[in-house]
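Secondary and tertiary structure notes
Listed here are the chains, written in short residue letters.
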Amino acid sequence: MSTATPRGATLKRSLGLWAIVGLGLGYMTPTVVFDTFGMVARDTNNVVPLAYLVALIVMVFTAISYGKMSGAIPSAGSAYTYVRESMHPNVGFMVGWTSLIDYMLLPMVNCLIIRSYLEAVFPGIPGWIWVVIYCVLVTAIIYITMRGTSNVNMILLVFSIIVMTVFVVMVWAQLAGGEGVGTVASAQPFFHDGVTMGAVLMGATIVCFSFIGFDAVTMYAEEAKTPKIMPRAILLTVVLGGAIFLIAGYFTQLRFPDWNVFAPGGDMQFVEDSTLPLVGEAVGGDWLKAVLTAAGFAATLASGLASHASVSRMLLVMGRNNVLPKKFFGYINPKTHTPTFNIVLTGAICLLATAFTLEMIAAFINYGALIAFTFVNLSVFAWFAIRQGRRKTPKDIFNFIVLPAIGTLLTGVLWVNLHADALIGGVIWTAIGFVYLIFLTKGFRKKVAGFDEIQPVTGFNKVPEEVGEER
């Protein structure tokens, strides 16, 4: 198999609207609402669905901006591509560098969640053993091949949603029977005495990472049947994903009105790690615990494979473009046709899951995500209002100035509530990137290479079977 595609080849346009939405939802992993429920309930004083509602509102405005930019620049890129083209290559580089936090740590999130599941099922086995087994297994699978994760994601997405539907029906019956708050219609999950806006915004900042995935569908822009469907696909992914989180969060909050039920004896570890097994056991006993954990396990594993493969591919592209040392990061194994060094490096980073909680890693990921969301909103203004001069009619002012301004402002509200440690760590990472940018550009005298690829450079992932139409 060749390690490069024919010059002028494009990705095959074969994905319809719902196929792209399904990929986005699969990447979002709907069952994550149960994984983070305990920590969000604690931080918001038991108004988890309100935190999701606030996050959804922020994400909708940002999704609109992503849609506008994906229509204007229909390349297989994301925030860094839009910022590079609309603002400046150096600014795009910094956004891309910061987004590396998302790419590098998302596989670790999946590892942490899997560890929590297996600790709940096998409490006598130390968690670090599961981390090592998971990292070795996933790294080995992707080391051999990087194909096929999209179809698996779709199957597991459907399975997860079916299990979540069963869960909601069971909770509904229990609420009608007097469990939890004793009713299926209540404002308590959204408001009650003791709830503060600051706490809600903190919770919204935490659940922000649950939406990461809607922006990932921009990577399929060159595989969509027509670029015109991308704005709808992005917005639908956010709205449907948010609806799933809201419904599941609402019924779970009604069933468990006090987060302390997940912290027996004041043990915060039960809250800081996944609460999905505890939720399943309390609602349906061992069988629902097993089924819900299986659904979460399957979806998380699929997401883990996809995210591990994605970061390995991104590092490969950066190596091929000389953003990172080409000899190491640009290497492809001639036998497996995979970027083996990048795959092993990502697996080694995942091993750090033994030392972190889900809450802390989610906070670091949110730093990178909020950077991307902020600059995508700003790129709408830069591309349309400034570069194209579309700021003279009321319609253009609303679409290209007012809407992205609201998106930027709302994202800024989440910035204020970001975990202090994540903010400090993120700033340090950004500073390292800035120093590296100075080195790459020889003091800003040279143009920096891109993070993404205008044409495919790999022979193992999203590669067309035949030369397609040139853009």
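Up top is the structure.
Quantities reported herein were computed from a predicted structural model and do not represent experimental measurements.

**Focus: empty space enclosed by the protein**
Applying the stated criterion across every chain yields a total of 4 cavities of 30 Å³ or more. Each pocket or cavity is described by its volume, and for the largest cavity that value is around 150 Å³. Looking at the largest cavity, it is lined by 13 residues, and the ones nearest its centre are Y27, M28, T29, L106 and S303. Looking at the lining of the largest cavity, the elements with two or more residues in it are α1 (17-28), α6 (89-121) and α12 (276-320). In terms of residue count, α6 provides more of the lining of the largest cavity than any other element does, 4 residues in total. Of the residues that constitute the lining of the largest cavity, the class distribution is 8 nonpolar, 5 polar and no charged. What the second largest cavity holds in volume is close to 50 Å³. As for the second largest cavity, its lining consists of Y80, R84, P89, G92, F93, V448, A449, G450 and F451. Residue assignment for the lining of the second largest cavity shows that the elements contributing at least two residues are α5 (79-86) and α6. Considering every element that reaches the lining of the second largest cavity, the biggest residue donor is α6, with 3 residues.

**Regarding the pattern of salt bridges**
Under the definition given, this model contains 6 salt bridges. Two residues, D43 and R42, come together in a salt bridge whose shortest N-O distance is 2.9 Å. Like D43, the residue R42 is buried in the burial classification. Of the charged contacts in the structure, one is a salt bridge between R255 and E179, with a shortest N-O distance of 3.9 Å. Note that R255 is positioned in helix α10 (residues 230-255) and E179 in the loop between α8 (149-176) and α9 (197-207), a separation of 76 residues in sequence. By relative accessible area, which is 12% here, R255 ends up buried.

What counts as what
- Residues numbered from 1 in each chain as written.
- Predicted model: local features only at pLDDT ≥ 70, side-chain atom pairs only at ≥ 80, totals over all residues.
- Heavy atoms only, no water.
- 1 Å grid on protein atoms, 1.4 Å probe; cavity = no way out; pocket = protein on both sides within 12 Å on 5 of 7 lines; lining within 4 Å.
- Points joined across faces, edges and corners; volume = space filled by probe spheres on them.
- Helix = DSSP H or I, 4+ residues; strand = E, 2+ residues; numbered from the N terminus.
- Nonpolar A, V, L, I, M, F, W, Y, C, P; charged D, E, K, R; others polar.
- Salt bridge = Lys/Arg side-chain N within 4 Å of Asp/Glu carboxyl O.
- Buried < 20%, exposed > 50% of the residue type's maximum accessible area, 1.4 Å probe, protein only.

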